[in-house]
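Examining the three-dimensional arrangement
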Amino acid sequence: VVADADTGVDWDHPSLKPHYRGWDGANVNHDYNWLDATSAHSPTPVDGHGHGTFTTSQMVGDDGGANQIGVAPGAEWIGCRNMDNGGNGSPSTYITCFEFLIAPYPVNGNPGQGDPDLSPDSINNSWGCPASEGCSWDTLQAIVEAVRAAGIFPAMAAGNSGSACKTVVDPPAIYDASVSVGATNSADKIASFSSRGPVTVDGSRRLKPDISAPGENIRGAVPGTGYQSGWSGTSMATPHLAGAVALLWQAKPSLIGNIDASEAAFTATAKPR
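Now for a look at the structure at hand.

1. As for the overall build of the chain
Looking only at helices and strands, the chain features 5 helices and 9 strands. For the chain, the N- to C-terminal ordering of α and β elements is β-β-α-β-α-β-α-β-β-β-β-β-α-α. Scaling as 2.2 N^0.38, a compact globule of 273 residues should have a C-alpha radius of gyration of about 19 Å, and the chain matches this with 17 Å. Each principal axis of the C-alpha distribution contributes one length, and for the chain these read about 50 × 40 × 40 Å. Contacts in the chain between residues at least 24 apart in sequence constitute 72% of all its contacts with a sequence separation of at least 6. Accessible surface, the chain: about 10900 Å² in total, of which carbon and sulfur atoms supply 49%. Averaging the locations of the 14 positively and 27 negatively charged side chains of the chain gives two centres separated by 12 Å.

Here's what the structure looks like:
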């Protein structure tokens, strides 16, 4: 099970509906599978922006026909909306989604009803929380560390402020607990926009990103029934890793929940760039 914390998801898109954990082929149940942490509090998965639908489709998208766009179409997905229709979030929405995904609870429920047995295996986070949204460098550190401690793989977009060094600057990509993802292009080179380390905002000079994946001119699903090509960003790279976690853990069940060993497996087999 993979999760997307983003602008929401158009859950009944042809490439996504068959893979939604809340859909059994005849009936839908959003309990434990969806939370809208924004002020809209939609009880059903929605996406008025498009970004979350696109990134979810990169993990699992497959309409059973010509549109095979997901890395792990055999996986199921759940979602949490942490940004509004303008793509704006806050520390509170980001933290609420992380808490929900650590222990999902019913629609209109509360964290006291959370069931960690229903948590996802990985979370795609194609966003950053800059100072303009209220984040300091350490605002999300504790909750990201909690995600990792729960055995959930924390895939985080490195940001699009490259190509200069010291441009991985926003939570959650800056943290040691995060597995931060840069973007490559079709020539398998680092995309010019992809943010680079080291991380200096916390004084750590930490190496980031941890790994890179395809993130330039990507095709994916958009709300409605359609698809678009040409999307670029580390937002497009990060779902490749979050989906790859599902493939790795399916093939090697002994790695399930072991984030350190899984991260080491990815980085050890990646090609240096």
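2. As for the pairing of strand E1 (residues 2-6)
Counting buried positions along E1 yields 5 of 5 residues, so the element is predominantly enclosed. Residues of E1 alternate between two faces, with Val2, Asp4 and Asp6 on one and Ala3 and Ala5 on the opposite face, all of them buried. Pairing geometry for E1 and strand E3 (residues 77-81), over 5 bridges, is parallel. Residue Asp6 lies in a different strand from E3, and its bridge partner there is Arg81. Two elements, E1 and strand E4 (residues 122-125), share 3 bridges in a ladder whose sense is parallel. When the bridges of E4 are listed, Ala3 appears paired with Ile123.

3. Overview of the pattern of salt bridges
It is possible for side chains of opposite charge to pair when their charged atoms get near one another. The full count for this structure, using the stated rule, is 5 salt bridges. Here Asp36 ties to Arg81 by a salt bridge, and the two come within 2.9 Å at their closest N and O atoms. In this pair, Asp36 is assigned in strand E2 (residues 34-36) and Arg81 in strand E3, connecting sequence segments 45 residues apart. Between Arg148 and Glu263 there is a salt bridge, and its shortest N-O distance comes to 2.8 Å.

Calculation notes
- Residues numbered from 1 in each chain as written.
- Predicted model: local features only at pLDDT ≥ 70, side-chain atom pairs only at ≥ 80, totals over all residues.
- Heavy atoms only, no water.
- Helix = DSSP H or I, 4+ residues; strand = E, 2+ residues; numbered from the N terminus.
- Rg over C-alpha atoms; globule rule 2.2 N^0.38 Å.
- Contact = heavy atoms within 4.5 Å.
- Areas by Shrake-Rupley, 256 points an atom, 1.4 Å probe, with all protein chains shown as cover.
- Lys, Arg positive; Asp, Glu negative; His and termini not counted.
- Charge placed at Lys NZ, Arg CZ, Asp CG, Glu CD.
- Buried < 20%, exposed > 50% of the residue type's maximum accessible area, 1.4 Å probe, protein only.
- Pairing = 2+ DSSP bridges.
- Salt bridge = Lys/Arg side-chain N within 4 Å of Asp/Glu carboxyl O.

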